[in-house]
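What the coordinates show
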Amino acid sequence: MNRVEGLRANSSQFTLERKPFLILGGSIHYFRVPRAYWEDRLLKMKACGLNTLTTYVPWNLHEPERGVFKFEDQLDLEAYLRLAASLGLWVILRPGPYICAEWDLGGLPSWLLRDPQMKLRTTYSGFTDAANSFFDEVIKKVVPHQYSKGGPIIAVQVENEYGSYATDENYMPFIKEALLSRGITELLLTSDNKDGLKLGGVKGGIVRLPQKPKMVMEYWSGWFDLWGGLHHVYTAEEMIPVVTKILKLDMSINLYMFHGGTNFGFMSGAFAVGLPAPEPMVTTHYLSDYDAPLSEAGDYTNKYHLLRNLFSHYHTQPLPELPPVHERRAYQPAVIQQHISLWDSLRFTDKSERPVNMENLPVNNNNGQSYGYTLYETTITSGGALKSQNNVRDRALVFVDKHFVGVLDYTVQELAVPDGKGKRTLGLLVENCGRVNYGKTLDEQRKGLVGDILLNEHTLRDFNIHSLDMKPAFVNRLESAGHWMSMRHQPSFPGFFHSRLYVNGSPQDTFIKLPGWSKGVVFINGKNLGRYWSTGPQQTLYVPGPWLHRGDNQVIVFEEQETDGKIQFASSPDYGMTIDVQ
C-alpha cells in the first residue's frame with residue numbers, strides 16, 4: 001500500500017488515503033491476555049469483521065519502580081503492534097498516562113503516591129516529571145509503528161476521559177505536547193462521556209462538531225462486576241440493534257471490550273463513584289470480560305456471531321474463516337500436600353513508631369509496596385475496644401498472638417479485643433483490595449494503615465511492619481523454604497498451601513474452583529492468577545494452558561481462613577448469579 005495520507009477527520013467521515021474509512025474497532029489489552037494467545041485473539045477479531053485494534057498502555061506495569069522499565073514478554077508492546085500489522089489490523093493506541101481501564105489506580109504507578117503533595121493528572125511537577133520520563137521510554141517505541149512510517153497506528157488518544165476529572169486546564173495541552181514533541185504525527189483523539197465532552201478535548205484533537213466524523217470510542221459490550229455483587233449481563237438482543245443503528249448513521253465504533261481477558265495478579269481496580277466506600281472489582285476483566293463477544297478463554301459467543309453477521313455487510317470480500325476454539329480440560333482435583341503459616345513466611349520487617357502506608361514503606365528500592373498485603377504488629381497489655389478511625393485500607397484481619405479475632409474494613413470500624421494476661425502481640429493483616437481507577441479520589445488511594453489505630457482511646461505506637469507483596473521472587477523463595485509441614489499437622493491461618501497439578505499430554509486451558517475455601521490468591525508455576533473470594537459472584541479463576549507444562553505443575557494458594565484441602569478444576573467458568581445491565 002502506497003502511503004500518502006493517514007487517517008483524517010476533515011469531513012463528515014473519516015478518510016484513510018483520502019477515501020472514506022469506517023473504523024470498526026475492538027479493544028483487546030495485551031497485558032490482560034497471555035502472550036501465547038495474542039495471535040489467536042486478534043485472528044478472531046479479524047474474523048469478526050473488525051478492522052481496528054484499540055489498546056491501552058499500563059504505566060504501572062511498564063515502570064513498576066521509578067526508572068525501571070519493562071517491555072519484555074507479556075509487556076512487549078512492539079511485538080503486539082507488529083502482530084496486529086501482520087494480520088492486517090489498524091491500531092488506535094491509548095498510551096495514557098492515565099487509562100482508567102478498570103485497572104489499579106487507572107494504570108498510574110503507586111510509587112507516585114509516596115509524595116504526600118502528589119496531584120495526579122495535573123501539571124504538578126512531581127507528576128509531569130514522572131510522566132515525561134515514562135513517555136520518553138514508551139513513545140520512542142511506538143513512533144516507528146505509526147502509519148506514516150509503514151506501521152499500523154492510525155490514531156493516538158490523548159489521555160483518557162479527562163473531561164470527567166478536569167482539575168487543571170493546562171494538563172491536556174501538556175499531554176498533547178508530550179506526544180507531539182516525541183514524534184507522534186498521526187491523528188489525535190480524546191475519549192469522554194457526554195458530560196465530559198465540554199472539558200476533555202484538546203485543540204487539534206477530534207471533538208464532536210457538525211461536519212466532523214463521529215465515533216463511539218467506547219461502546220460498552222457489558223459492565224464490570226464487583227466482589228459481593230451479581231454478574232452483569234448485557235444481552236446480544238439488546239446490543240445488536242444499537243450497534244446496527246450506530247453504523248447506519250455512518251458513525252465509527254469501538255467495542256469495549258471485544259475480548260476482556262483477565263486481571264491477573266492484584267491489578268483489578270475498585271469502583272467508588274456514588275458509593276459510600278470503594279468496592280473492589282473481580283479478577284476476570286468485567287467478569288466474563290464485560291460480557292464481551294469473545295469470552296475470557298477465547299470462545300465465540302452468540303454476541304460474536306451476530307456482530308460478525310452485521311459487520312460482514314460492511315466488507316466487499318467474505319470474512320476470514322473462524323479460527324478453531326482451544327480445547328479445555330477439567331483436570332483431576334489436586335490434593336493439598338503441604339502448608340506453611342503466614343507467620344513463618346515473613347522476611348522484610350520495618351520498625352516504625354507510627355503506622356506507615358504501604359506505598360511509603362522502604363522496600364523495592366525505596367519505591368514502596370504496590371500490591372498485596374501488609375502486616376502491622378504491635379504489643380498490647382490489655383483487651384478492649386479497637387477502633388480503626390477508618391484508617392484501614394481496605395480490609396484487615398485482626399489477630400492477637402496469631403489468633404484471629406475479627407475483620408476491620410470500611411463498614412466495621414470497631415472490634416472487641418479479648419482480655420488477656422501480660423504482653424500480647426496485636427496483628428493487623430491489611431489487604432489492598434485494589435485502588436480506585438475512576439473518579440475524583442485518585443489522590444487518596446494510599447493503602448495499608450493510613451493513620452492511627454486506637455485501643456481504648458489510646459493511640460497505638462511502635463509497629464513492626466511486614467511487606468507481603470507476593471511477587472514472583474517471594475513465591476519462588478517460599479517454595480524452597482524449609483518450614484513446610486505435611487497436612488497431617490493442623491494448618492494455621494492465614495497460610496500458604498502447596499499442591500501439584502499433574503498434566504499428561506499437551507496442557508490445555510482450565511478453570512480453578514475452590515468451593516471449600518474462603519478468600520485468597522492462587523499462584524500456578526509462580527504466576528499470580530488473581531484473587532478469589534467465596535462472596536462471589538466469580539467462582540472460578542482462568543488458567544491458560546500455555547502457563548502449564550507436561551508433568552507436575554506447582555500450585556500455591558494463599559488462604560486467609562479455611563480450606564477443604566483440595567483444588568478443583570472445571571472446563572467452563574462460573575461467573576455467579578446474573579443480573580441484566582440497566
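As named in an unreviewed UniProt entry, the chain is Beta-galactosidase-1-like protein 2, taken from Pundamilia nyererei. Reading the Sequence similarities (unreviewed entry) entry of the UniProt record for the chain gives the comment "Belongs to the glycosyl hydrolase 35 family."

Before going further, it helps to examine the overall build of the chain. Looking only at helices and strands, the chain features nine helices and 35 strands. Scaling as 2.2 N^0.38, a compact globule of 582 residues should have a C-alpha radius of gyration of about 25 Å, and the chain matches this with 25 Å. Sorting the 582 residues of the chain into buried and exposed places 59% on the buried side. Contacts spanning at least 24 positions in sequence make up 79% of the contacts within the chain whose residues lie at least 6 apart. Split by element, the accessible area of the chain, about 22,800 Å² in all, is 50% carbon and sulfur. In the chain, 58 positive and 62 negative side-chain charges are present, and the distance between their average locations comes to 3 Å.

With that settled, consider the packing of helix α1 (residues 38-47) against helix α3 (residues 77-86). Packing of α1 against α3 leaves a shortest axis separation of 10 Å and a crossing angle of 35°. Where α1 crosses over α3, the two elements pack in a sense that is right-handed. Mapping the contact onto sequence places W38, E39 and L42 in α1 and A79, Y80, L83 and A84 in α3. Per-class residue counts for the contact of α1 with α3 are six nonpolar, no polar and one charged.

Let us look at the packing of aromatic side chains. Each aromatic ring pair is summarised here by two numbers: the centre-to-centre distance and the angle between the ring planes. Evaluation of the coordinates by the stated rule reveals 30 aromatic pairs. Grouping aromatic residues by their ring pairs yields a cluster made of W59, W111, F127, F134, F135, Y162, Y165, Y171 and F174. Here K119 stacks its cationic end above the ring of Y124, 5.1 Å away from the centre of that ring. Over the face of the ring belonging to W533 we find K519, whose NZ or CZ atom lies 4.7 Å from the ring centre.

The subject of this paragraph is the UniProt feature "active site" (unreviewed entry) in the chain. Taking the numbering used here, the UniProt-annotated feature "active site" (unreviewed entry) corresponds to E161 and E218. For this annotated set, covering 58 residues, all C-alpha atoms fall within 10.7 Å of each other, a compact arrangement in space. Tracing the backbone shows E161 in the loop between β6 (153-157) and α5 (171-180). Judged by relative accessible area, E161 falls into the buried class, the value being 13%.

Moving on, we get to the sheet that holds strand β15 (residues 349-352). Strand pairing in a sheet is mediated by backbone hydrogen bonds. Such pairs are either parallel or antiparallel. As summarised here, the arrangement of the six strands in space is β15-β26-β16-β22-β19-β20, forming an open sheet in which the pairing is antiparallel. With one partner strand each, in any of the chains shown, β15 and β20 (403-408) form the two edges of the open sheet. Strand-to-strand twist in this sheet, taken as the mean axis angle between neighbours without regard to direction, amounts to 25°.

Okay, the nonpolar core next. In this structure, L42, F496 and I567 are the most contacted members of the largest nonpolar core, which totals 131 residues. Top element by residues in this core is helix α4 (residues 125-142). It accounts for eight residues. Y376, V398, V400 and L426 belong to the second largest nonpolar core, which has 23 residues in total.

Moving on: the domain arrangement of the chain. By domain assignment, the chain separates into domain 1 (7-313), domain 2 (334-341 + 471-580) and domain 3 (354-461). A straight line from the C-alpha centre of domain 2 to that of domain 3 covers 26 Å. Buried surface at the junction of domain 2 and domain 3, summed over both partners, amounts to about 810 Å²; 47% is from carbon and sulfur atoms. Of all residues in domain 2, R531, E560 and Q561 bury the most surface against domain 3, accounting for 47% of the area lost on that side. Applying the counting rule to domain 2 against domain 3 returns three salt bridges.

With antiparallel pairing, four strands are arranged side by side in an open sheet as β13-β34-β29-β32. Taken across any chain shown, the strands that pair with only one partner, and hence form the sheet edges, are β13 (334-335) and β32 (540-543). For β13 and strand β34 (residues 566-570), the ladder comprises two bridges, and the chain directions are antiparallel. Each bridged residue has a counterpart across the sheet, and for A334 the counterpart in β34 is I567.

Procedures and definitions
- Residues numbered from 1 in each chain as written.
- Predicted model: local features only at pLDDT ≥ 70, side-chain atom pairs only at ≥ 80, totals over all residues.
- Heavy atoms only, no water.
- UniProt positions renumbered as here; feature names shortened; annotations may be inferred.
- Helix = DSSP H or I, 4+ residues; strand = E, 2+ residues; numbered from the N terminus.
- Rg over C-alpha atoms; globule rule 2.2 N^0.38 Å.
- Buried < 20%, exposed > 50% of the residue type's maximum accessible area, 1.4 Å probe, protein only.
- Contact = heavy atoms within 4.5 Å.
- Areas by Shrake-Rupley, 256 points an atom, 1.4 Å probe, with all protein chains shown as cover.
- Lys, Arg positive; Asp, Glu negative; His and termini not counted.
- Charge placed at Lys NZ, Arg CZ, Asp CG, Glu CD.
- Axes fitted to C-alpha atoms, helices over the stretch in contact; angles between N-to-C directions.
- Left-handed = near helix turned anticlockwise from the far one by under 90°.
- Nonpolar A, V, L, I, M, F, W, Y, C, P; charged D, E, K, R; others polar.
- Phe/Tyr/Trp six-rings, centres within 6.5 Å; stacked < 30°, edge-to-face > 60°.
- Lys NZ or Arg CZ within 6 Å of the ring centre and 35° of its normal.
- Pairing = 2+ DSSP bridges.
- Core = buried A, V, L, I, M, F, W, Y, C linked by side-chain atoms within 4.5 Å.
- Domains from an automatic or database assignment.
- Buried area = accessible area lost by both parts, 1.4 Å probe.
- Salt bridge = Lys/Arg side-chain N within 4 Å of Asp/Glu carboxyl O.

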